[in-house]
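One-letter residues, chain by chain:
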Amino acid sequence: MTQYLYNPLKVKIIYLVLGHNCNFSCRYCIQNNDFKKSEINSSVSEDTFSYIENLVKIRPSISTGKIKIIFWGGEPLIYFSSIKSVVDRLKDSVDYGIISNGALLTKDIVDFLNEHNISFTVSNDGPNTKKTRRINILENENFRALFTSIKERAISSVISAYNQDFQELNKYIEEKVGKTNINYDLLAPSEALSEDAYNFNYEKLTDSLIKMANKAAEDLLLSEKTNESTFFVDYIKKIRIGSKDKRAFVNRACEEMHTSVSIDTMGNILSCHNSSDIMGNTKKTSFDLEFKHAEYLKNIKIEDIKQCKDCFVYNFCGGDCKLTRKNYVGIKESCELRRIVFSVTFYLIDKLNNYFEDVDISEEL
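The sections below set out a description of the structure shown in this document. Fair warning: this is a prediction, and the values are worked out from it, not measured in the lab.

Evaluation of the coordinates by the stated rule reveals 13 aromatic pairs. Relative to Phe231, the ring of Tyr184 lies with its centre 5.6 Å away and its plane at 85°, an arrangement referred to as edge-to-face. Remark: Phe231 occurs in helix α9 (residues 227-244) and Tyr184 occurs in strand β6 (residues 181-186); sequence separation between them is 47 residues. Across the pair, Phe231 and Tyr184 agree in class, each one buried. Aromatic pair Phe316 and Phe346: ring centres 5.9 Å apart, planes at 65°, arrangement edge-to-face. Here Phe346 lies in helix α12 (residues 331-353) and Phe316 lies in helix α11 (residues 314-317), a separation of 30 residues in the sequence. Residue classification places Phe346 among the partly exposed residues on the basis of a relative accessible area of 29%. One cation-aromatic arrangement involves Arg89 over Phe49; the distance from NZ or CZ to the ring centre is 4.5 Å. A cation over an aromatic ring shows up here: Arg153 above the ring of Phe147, its NZ or CZ 6.0 Å from the ring centre.

Further remarks concern the pattern of salt bridges. Pairing is possible between side chains of opposite charge, provided their charged atoms come close. In total, this model carries 10 salt bridges according to the counting rule given. Across the pair Glu139 and Lys176 runs a salt bridge whose closest N-O atoms are separated by 3.3 Å. Within this pair, whereas Glu139 is found in the loop between α5 (129-133) and α6 (141-147), its partner Lys176 is found in helix α7 (residues 166-177), the two being separated by 37 residues in sequence. The class for Glu139 is partly exposed, based on a relative accessible area of 42%.

A word on the environment of Arg89. Position of Arg89 relative to the elements: it lies in helix α3 (residues 80-90). For Arg89, a relative accessible area of 32% translates into the label partly exposed. The spacing of Arg89 and Glu53 is 36 residues in sequence and 9.8 Å in space, taken between C-alpha atoms. Not counting residues within four places of it along the chain, the set of residues in contact with Arg89 comprises Glu46, Phe49 and Glu53.

Right, let's talk about the pairing of β6 for a bit. Working note: regular strand, side chains alternate between the two faces of the sheet. Every second residue of β6 is oriented toward a common face, the buried set being Ile182, Tyr184 and Leu186 and the non-buried set Asn181, Asn183 and Asp185. Strand direction decides the pairing type here: strand β5 (residues 153-159) and β6, joined by six bridges, are parallel. Considered in β6, the bridge of Ala154 is made with Asn181. At this point the chain moves from β5, through α7, to the parallel β6, and the crossover so formed is right-handed.

Let us look at the nonpolar core. Residues Ile69, Phe71, Leu105 and Leu209 are the most contacted members of the largest nonpolar core, which totals 78 residues. Among residues more than four places away in sequence, those in contact with Leu209 are Phe166, Phe231, Phe232, Ile340, Val341 and Val344. Val17, Ile70, Trp72 and Leu270 belong to the second largest nonpolar core, which has five residues in total.

Moving on to the sheet that holds strand β2 (residues 68-72). Here we have nine strands laid out as an open sheet, ordered β6-β5-β4-β3-β2-β1-β7-β8-β9, and mixed in their pairing. Strands with a single pairing partner mark the edges of an open sheet, and in this sheet they are β6 and β9 (278-281). Strand-to-strand, the axes of this sheet are offset by a mean angle of 25°, without reference to chain direction. Most of the contacts of helix α2 (residues 46-58) go to strand β7 (residues 260-264), to which it runs at about 165°, and overall it touches β1 (13-17), β2, β7, β8 (268-270) and β9.

Definitions and limits used
- Residues numbered from 1 in each chain as written.
- Predicted model: local features only at pLDDT ≥ 70, side-chain atom pairs only at ≥ 80, totals over all residues.
- Heavy atoms only, no water.
- Phe/Tyr/Trp six-rings, centres within 6.5 Å; stacked < 30°, edge-to-face > 60°.
- Helix = DSSP H or I, 4+ residues; strand = E, 2+ residues; numbered from the N terminus.
- Buried < 20%, exposed > 50% of the residue type's maximum accessible area, 1.4 Å probe, protein only.
- Lys NZ or Arg CZ within 6 Å of the ring centre and 35° of its normal.
- Salt bridge = Lys/Arg side-chain N within 4 Å of Asp/Glu carboxyl O.
- Contact = heavy atoms within 4.5 Å.
- Pairing = 2+ DSSP bridges.
- Right-handed = clockwise from strand over helix to strand, strands pointing away.
- Core = buried A, V, L, I, M, F, W, Y, C linked by side-chain atoms within 4.5 Å.
- Axes fitted to C-alpha atoms, helices over the stretch in contact; angles between N-to-C directions.

Given below as structure tokens:
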């Protein structure tokens, strides 16, 4: 039985694309040019609201947690009035999150976020952010004061050649905004980024990851949830899943139309929240569309990508984004980055197993 079929009962995340305008021009933006040029109505349609409300209604009562709406752009804060309209309509029937460059943050927005328990994640790559995002918002004292007053906040950092020292990154962010959750996103192939972003010093990167893994080992043994332990636990879980089912990641493009769905304000169902490809419209579908889309994604497999077949992380990696990678640069380097991360994860598993007898730590997490 295929594991990649649309099932509305499994949807955990709804990416709501509010619009495509952005006040930044990040050098590795993965949203394609067609996406940026396409127009969208920033006012949320009744069709979109109905679709979301129906997904919420059919969610199993025994399910753990609510569906989470992630407000997406472009830059979501450009469309703050739309964000307010959604929260006013859906209230606490769902959870909310925003991923933003942070430049438009104000005291009124902070108060709104805190009032409605909305998580707010800012994209920042540490001391070299100007090389990747052209603007480093963490250098702005007013922003730092606003950001640190948000109850549920995080930083999202892309690991590239500009940003391959985890200890330097962590130290910089803590100095600027105190202890904060950091999501480490591995650099993906891109059409916009210059080659120097892929010019990794693999020895330096490996050394930094080993230091990070050693700290993660200590944190896990002390039952402490930290940025380091969270990062590696995610990769340990991928190894566990791929070891049990060697086709678990081979047949799955990503979580689109599996546990997440991307729609825009006009009710269009998108192939991805970073794509302008419209698969159909919620007004016209009776779930036939979702199945069609799921089958479309299911047919994009890493077994069709030649360079993946002989890779030792074939069963764990998933091959990155299959919708874009054939046309983007940096594939070779992005793959090597992932191989190093998995290699250090195996090192961490062995290190943890040495503390126990007859226990496989990958089975315990």
